[in-house]
Protein chains: 2
Amino acid sequence: MGAPPVKRTSRDIRTANRYEVLRQIIAESPASRQELAAATGLSLATVATLVGELLGLGMITEVGFEESAGGRPRGLVTVDAAGGALIGVDLAETYVRAELFDLALNVLARAEEEVRPGESRPERVVHHVASAVGSVVERAGVASARVLGAGVSVPGQVDRATGVCAYAPSWDWHDVPLRDLLAERISHPLYLDNPLRACAVAELWCGAARGCGDAVVVNLGTGVGAGLVLGGGVHRGVSDSAGEWGHTTLVLDGRPCHCGARGCVEAYTGAPGIMLNLREVSPDSPMLRPGDQTATVDALARGVAAGDPVAVRVLEDTARYVGAGISGLVNLFNPEVVVLSGWVAAAFGEPLLDAVRGAVGRHALRRPLAAARIVLSPIPTDPVCLGAATFALEGALRTARKGSGTRAVSRARGTDAP
Amino acid sequence: MGAPPVKRTSRDIRTANRYEVLRQIIAESPASRQELAAATGLSLATVATLVGELLGLGMITEVGFEESAGGRPRGLVTVDAAGGALIGVDLAETYVRAELFDLALNVLARAEEEVRPGESRPERVVHHVASAVGSVVERAGVASARVLGAGVSVPGQVDRATGVCAYAPSWDWHDVPLRDLLAERISHPLYLDNPLRACAVAELWCGAARGCGDAVVVNLGTGVGAGLVLGGGVHRGVSDSAGEWGHTTLVLDGRPCHCGARGCVEAYTGAPGIMLNLREVSPDSPMLRPGDQTATVDALARGVAAGDPVAVRVLEDTARYVGAGISGLVNLFNPEVVVLSGWVAAAFGEPLLDAVRGAVGRHALRRPLAAARIVLSPIPTDPVCLGAATFALEGALRTARKGSGTRAVSRARGTDAP
Ligand SMILES: [Zn+2]
Ligand SMILES: [Zn+2]
């Protein structure tokens, strides 16, 4: 039991600083070194070094000068959107979605494959991922060598260092060496992580948690969990399994949960739990589509919009469970923002948000409640793909050495040149 | 609602690095600059600068050289225990305890004052704090000018920046300007915070969380809460109120809690909740001492030691509540260690630890469970005083400029010289 303490090495810190500067440039361009130093809290000398490295890697580019009051004109840099491509893969229980991004995080191509029931063997899943990745590279028309990496979000517990999927409940996977299997079919560097972290980093970079130090991204879907942004970065835990909020006890000795415990948050707020909430209110409701979570949730959402009292009651019950659980997160973390994400949150939308806000207002302590905004995710596309792409970017910054990076990019550009 | 994003400034980062280097020197002395760089992940050049600053402030001292393989002998530094004094104050519901530490964090003097029922007015509480602080300075025989600051742990929600106690439930305080009131009686710089953070930092510096990146310090007393160590530092939240784990819903619609909600962890695991657990098992038990939490908990602990079945049952019930709650923390944070701290944990000791371990083993998910040690706090003295003293140290490092700091220490030494 227990792991030896993990110390951040100088290299970790350099990578983190490089990543932070690039993230700032992506968020607000063009930017001067002075503005980047002010925004990141790094010294001007450190920023100048990091900007030089990013220029050398071809990830950013000089775009002119701005006058400064009484001083020399200041050089401005911006992200070089064409300086590389990133792939983000949302590997989910029932589908694989891949998106290819430029370095400014614009989507250049999308592909989706269905994962049918019975296709849960690792070989079949790997086949779908490889196929979707191949499609987006082809559709975007980028040279394969320009792809800096592919981030893959896996619906389970993944060891980032080894790329082994320790456990994926939906497929009953145990200790599947997923990265090695994927590497047999995909030549890009691969970075595996989970959807909670992908959603958290997507909100941090491009969504409701931009500029936040502390944020909680609550993912409501088939399973539920919480992506944690703490101190401006994503919290992963000592063995990469933080964020399993779905298995917090909410009702001691309550409904059985697939994790083996009882009364977990997920048993009341995951899509199957919401189907049970509906069954408790109205066992014969036509909104109940046995075996089809998506259709049931959609029917309930339509019912709420139409003022159907059963649907409204189920929404209120569900919001009470979600709200009691979120109150615990607000009291514990004292975050600036709680973001409701995931397909169930998207399906119910504003009525769920309103009801959850009401429930949190009744449960949480005054001081942390006053500090916390509760909002729906504003990200219009798949946040999991976006977040997964940023894992690839982070990985590329970690492994890039100035020389090799420059060569790789030059070579890619050469291949691509008209 | 919501606060503007707080960016770490260069100065914050310098203070944090200074603090980290000093903490490492206090933990392991003597140390070379090379060892400090390796242990902190900072560059050798940065460490050399910070060591120079700490030498200039008189907080550390050169103690000779060690041979290095094939290189120049390396200079060694150690903390200068006499380089300043720190005061830590544990302001609790029923007592005020002050301890005076040297810079190596050895206790040089202690003082305690009772806060009687009816003495909850701020003026009375301030009187006791000032009196205890005066006593430890006098008993330790240190010149007042050598005291770098006093950290004060307040049992409630404190705004660290303004020193205002927003809410202290036991005394029904609302928005009391406590630091200003204390400053009328105490001339040392004052740093206010809460006992959850004090216990967390005490475990991080000197206890079971030494060397840990992620740890949870569960405080079991009249109230319950969790001090959070995340990424190697104490997590405070956006308005300094993180850690209120006691008000996480454990039993939806369960026992009423003084916070206004129902079924909170604290309602089942705080000392008054444990008295209710006893009442449910045996309403007429002679172990039940109405109005006296401490006597009841002590009687239960003696009963457990003697094998009394009622006491054992109450311990098991309580451990089941504590364990279900801690499982949620293990699943959410994926920490290296969970430390049981506080007077209730100390009173029950090993039997509580064993029962909690069993309950967590039944509730938590396999992967985070495998990573988490669960232990009793090994700190033999009052961890709150120790933690509060480190807040004063951190504050002193933040405000110290090289010149002024050196002068202050020189002056203090001058005053003190034989
Ligand atoms: Zn569960
Ligand atoms: Zn409560």
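Residue numbering note: each chain is counted from 1, following its sequence as written. The naming scheme follows written order: chains are lettered A onward, ligands numbered 1 onward. Totals for whole chains, interfaces and linings use every residue, but because this is a predicted model, local features are given only for residues with pLDDT of at least 70 and side-chain atom pairs only at 80 or more, for both listing and counting. Just so you know, side-chain values use all the structure's heavy atoms and leave hydrogens and water out.

Mind showing me how you'd approach the overall build of chain A here?
The secondary structure content of chain A amounts to 15 helices and 16 strands. Projected onto the principal axes, the alpha-carbon positions of chain A cover approximately 70 × 50 × 50 Å. Remark: exposure states derive from per-residue accessible area (1.4 Å probe, protein chains only) relative to the maximum for the residue type, with buried under 20%, exposed over 50%, and partly exposed in between. Taken across its 418 residues, chain A has 58% of its residues classed as buried. Exposure was quantified through the Shrake-Rupley algorithm and a 1.4 Å probe, taking into account, for residues, occlusion by the shown protein chains and nothing else. If you sum the accessible surface of chain A, you get close to 16200 Å²; carbon and sulfur atoms cover 52% of it. By definition, any uninterrupted DSSP run of H or I lasting at least four residues is a helix, any uninterrupted run of E lasting at least two residues is a strand, and each is numbered from the N terminus.

Before we go on, may I ask you to explain the sheet that holds strand β10 (residues 173–176) of chain B in this structure?
To summarise the sheet geometry, strands pair through backbone hydrogen bonds and adopt either a parallel or an antiparallel arrangement. All names here are of chain B. Pairing between two strands requires that DSSP report at least two bridges joining them. Here we have three strands laid out as an open sheet, ordered β8-β9-β10, and antiparallel in their pairing. The sheet is open, and its two edges are formed by β8 (157–159) and β10, each paired on a single side. Within the sheet, the average angular offset between the axes of one strand and its neighbour, ignoring direction, is 10°. As paired elements, β8 and strand β9 (residues 164–168) share three bridges and run antiparallel to each other. Paired with D159 across the two strands is V164, which belongs to β9. A fitted line through C-alpha atoms represents every axis, and for helices the fit uses only the stretch in contact; the resulting angles, taken between N-to-C directions, go from 0 to 180 degrees.

Explain helix α2 (residues 33–40) of chain B to me, please; I cannot follow it from the model alone.
At 3.6 residues per turn, the α-helix brings residues three or four places apart onto the same side. When we look at burial in α2 of chain B, the residues that qualify are L36, A37, A39 and T40 of chain B. Once α2 of chain B ends, the next one or two residues include G41 of chain B, with phi positive near 80°.

Teacher, can you tell me more about the coordination of the zinc ion (ligand 1) here?
For a metal with four tetrahedral donors the ideal donor-metal-donor angle is 109.5 degrees, whereas six octahedral donors ideally subtend 90 or 180 degrees. All names here are of chain A. Binding of the zinc ion (ligand 1) to the protein goes through H247 (ND1), C257 (SG), C259 (SG) and C264 (SG), at separations of 2.0 to 2.4 Å. Keep in mind that water is not among the atoms, so a site may look incomplete; donors are the N, O and S atoms within 2.8 Å of the metal, or 3.2 Å for Na, K and Ca. A site with four donors is called tetrahedral when every donor-metal-donor angle falls between 85 and 135 degrees; four donors are called square planar, and six octahedral, when opposite donors sit more than 155 degrees apart and all other angles fall between 65 and 115; any other arrangement is irregular. Considering all four donor atoms around the zinc ion (ligand 1), the spread of angles at the metal, 104 to 122°, places the coordination shape in the tetrahedral class. In primary sequence terms, the donor set of the zinc ion (ligand 1) follows H-x9-C-x1-C-x4-C. Overall, the relative accessible area of 27% leaves C259 in the partly exposed class.

Mind showing me how you'd approach the interface of chain B and chain A here?
You'll often see interface size given as the accessible area lost when the parts meet. By the convention used here, residues are in contact when the closest approach between their heavy atoms is within 4.5 Å. The interface is formed by 64 residues belonging to chain B together with 66 residues belonging to chain A. Two parts lose some accessible area (1.4 Å probe) when they are put together, and adding that loss for both gives the buried area. Summed over both sides, the interface of chain B with chain A buries roughly 5200 Å², with 53% coming from carbon and sulfur. Considering only the surface of chain B that becomes buried against chain A, L252, L332 and R367 of chain B emerge as the three largest contributors, covering 15% of it. Here, a salt bridge means any side-chain nitrogen of Lys or Arg that lies within 4 Å of a carboxyl oxygen of Asp or Glu. At the surface where chain B touches chain A, the tally comes to four salt bridges. We note a salt bridge from R320 of chain A to D253 of chain B, for which the minimum N-O separation is 3.1 Å. Distance and chemistry together define a polar contact, namely a pair of N or O atoms within 3.5 Å, with one atom able to donate a hydrogen and the other to accept it when in protein, and with adjacent residues in sequence counting only for side-chain atoms on both sides. For the pair chain B and chain A, the number of links is 22 residue pairs in polar contact (both at pLDDT 80 or more). Residue assignment for the side of chain B that touches chain A shows that the elements contributing at least two residues are α1 (10–27), α2, β8, β13 (224–230), α10 (309–333) and α13 (366–371) of chain B. The element that contributes the greatest number of residues to the side of chain B that touches chain A is α10 of chain B, accounting for eight residues.

Would you mind going over the relation of the copies chain B and chain A with me for this structure?
Put simply, the second copy of the chain is the first one after a rotation about an axis and a shift along it. Only residues with pLDDT of at least 70 in both copies contribute their C-alpha atoms to the least-squares superposition of the copies. Aligned on chain A, chain B shows an RMSD of 0.0 Å; the corresponding rotation is 180° and the shift along the axis is 0.0 Å. Within this description, the copies of the chain are treated as partners about a two-fold rotation axis. The share of interface residues of chain B whose copies in chain A are also at the interface is 100%, consistent with both copies meeting through the same surface.

Just checking my understanding: could you explain the domain arrangement of chain A for this structure?
Residue and element names in this part refer to chain A. Residue ranges labeled as domains rest on an automatic or database domain assignment. Under the domain assignment used here, chain A contains domain 1 (10–79), domain 2 (83–198 + 382–399) and domain 3 (208–376). At the interface, eleven residues of domain 1 touch twelve residues of domain 2. Summing both partners gives a buried area of about 1000 Å² for domain 1 against domain 2, and 71% of it is carried by carbon and sulfur. Linking domain 1 with domain 2 are zero salt bridges, by the criterion used here. Taken together, the connections running from domain 1 to domain 2 amount to one residue pair in polar contact (both at pLDDT 80 or more). In terms of residue count, the dominant contributor to the side of domain 1 that touches domain 2 is helix α1 (residues 10–27) (six residues). Among the residues making up the side of domain 1 that touches domain 2, the classes are represented as seven nonpolar, two polar and two charged. Classification convention: Asp, Glu, Lys, Arg as charged; Ala, Val, Leu, Ile, Met, Phe, Trp, Tyr, Cys, Pro as nonpolar; all other residues, Gly among them, as polar.

It is not clear to me how the sheet that holds strand β11 (residues 190–193) of chain B should be interpreted in this structure. Could you clarify?
Residue and element names in this part refer to chain B. Pairing within the open sheet is mixed, and its five strands lie in the order β6-β5-β4-β7-β11. The open sheet is flanked by β6 (107–114) and β11, the only strands paired with a single partner. When the angles between neighbouring strand axes are averaged without regard to direction, this sheet yields 15°. Bridge analysis of strand β7 (residues 147–153) against β11 gives four bridges, and the strand direction is parallel.

How do you make sense of the coordination of the zinc ion (ligand 2) when you look at a structure like this?
All names here are of chain B. Around the zinc ion (ligand 2), the donor atoms from the protein are H247 (ND1), C257 (SG), C259 (SG) and C264 (SG), and they sit 2.0 to 2.4 Å away. Bound by four donor atoms, the zinc ion (ligand 2) shows angles of 103 to 123° at the metal and therefore tetrahedral coordination geometry. Linear spacing of the donor residues for the zinc ion (ligand 2) on their chain is H-x9-C-x1-C-x4-C.

Explanation requested: the nonpolar core in the structure shown.
Side chains of nonpolar character tend, in soluble globular proteins, to be buried together. For the purposes of this section, nonpolar cores are sets of buried Ala, Val, Leu, Ile, Met, Phe, Trp, Tyr and Cys residues that join through side-chain atoms within 4.5 Å. Within the largest apolar cluster, 104 residues are counted, with the highest numbers of intra-cluster contacts made by I326 of chain A together with I326 of chain B. Contacts of I326 of chain B, omitting those with residues within four sequence positions, involve V218, W245, V338, L340, V356 and V360 of chain B. Counting 52 residues, the second-largest nonpolar core is a separate cluster that includes M59, I60, V384 and A389 of chain B.

Got a minute to help me understand the packing of aromatic side chains in this structure?
The geometry of an aromatic ring pair is captured by the separation of the ring centres together with the interplanar angle, meaning the angle of the planes. Side-chain rings of Phe, Tyr and Trp, where Trp is taken by its six-membered ring, are said to pair if the distance between their centres is within 6.5 Å; with planes under 30 degrees apart they count as stacked, over 60 as edge-to-face, and otherwise as tilted. Under the definition given, this model contains seven aromatic pairs over all chains. Summarising the aromatic geometry, the rings of Y268 of chain A and Y321 of chain A are spaced 4.7 Å apart at their centres and angled 45° between planes, so their arrangement reads as tilted. Taken together, the residues Y268 of chain A in helix α7 (residues 266–269) and Y321 of chain A in helix α10 (residues 309–333) connect sequence positions 53 residues apart. Residue Y268 of chain A is classed as buried on the basis of its relative accessible area, which comes to 5%. A centroid spacing of 4.7 Å and a plane angle of 45° characterise the contact between W171 of chain B and W173 of chain B, whose relative ring orientation is tilted. Accessibility assignment for this pair places W171 of chain B and W173 of chain B in one class, buried.

How should the pairing of strand β12 (residues 215–220) of chain A be read in this particular structure?
Residues in a regular strand project their side chains so that they alternate between the two faces of the sheet. Residues and elements named next belong to chain A. Most of β12 is tucked away, with six of its six residues classed as buried. Going residue by residue along β12, you find A215, V217 and N219 tucked away on one face and V216, V218 and L220 tucked away on the opposite face as well. Judged from the six bridges that link them, β12 and strand β13 (residues 224–230) form a sheet pairing that is antiparallel. Note that in β13 the partner of L220 across the bridge is V224. In textbook terms, the turn of a hairpin is the stretch between consecutive antiparallel strands, and for β12 and β13 this stretch comprises three residues. With five bridges joining them, β12 and strand β15 (residues 337–341) adopt parallel strand pairing.

Sorry if this is basic, but what is going on with unusual backbone geometry here?
Keep in mind that most residues, glycine aside, have a negative phi and that most peptide bonds are trans. Backbone torsion omega between S29 of chain A and P30 of chain A reads -10°, so that peptide bond is classified as cis. Tracing the chain through its elements places P30 of chain A in the loop between α1 and β1 (31–32). Even without being glycine, L105 of chain A reaches a positive phi, approximately 65°. Looking at the element boundaries, L105 of chain A is found in the loop between β5 (95–102) and β6 (107–114). Within the chain, N334 of chain B stands out as a residue other than glycine whose phi angle is a positive 55°. Tracing the backbone through its elements, the reader meets N334 of chain B in the loop between α10 and β15 (337–341).

Explain the side chain of N194 of chain B here, please?
All names here are of chain B. Checked against the element boundaries, N194 lands in the loop between β11 and α6 (195–206). For N194, a relative accessible area of 4% corresponds to the buried category. A distance of 3.0 Å separates a polar atom in the side chain of N194 from the backbone nitrogen of L196. Discounting residues that sit within four places of it in the chain, N194 has contacts with S153, V154 and G156.

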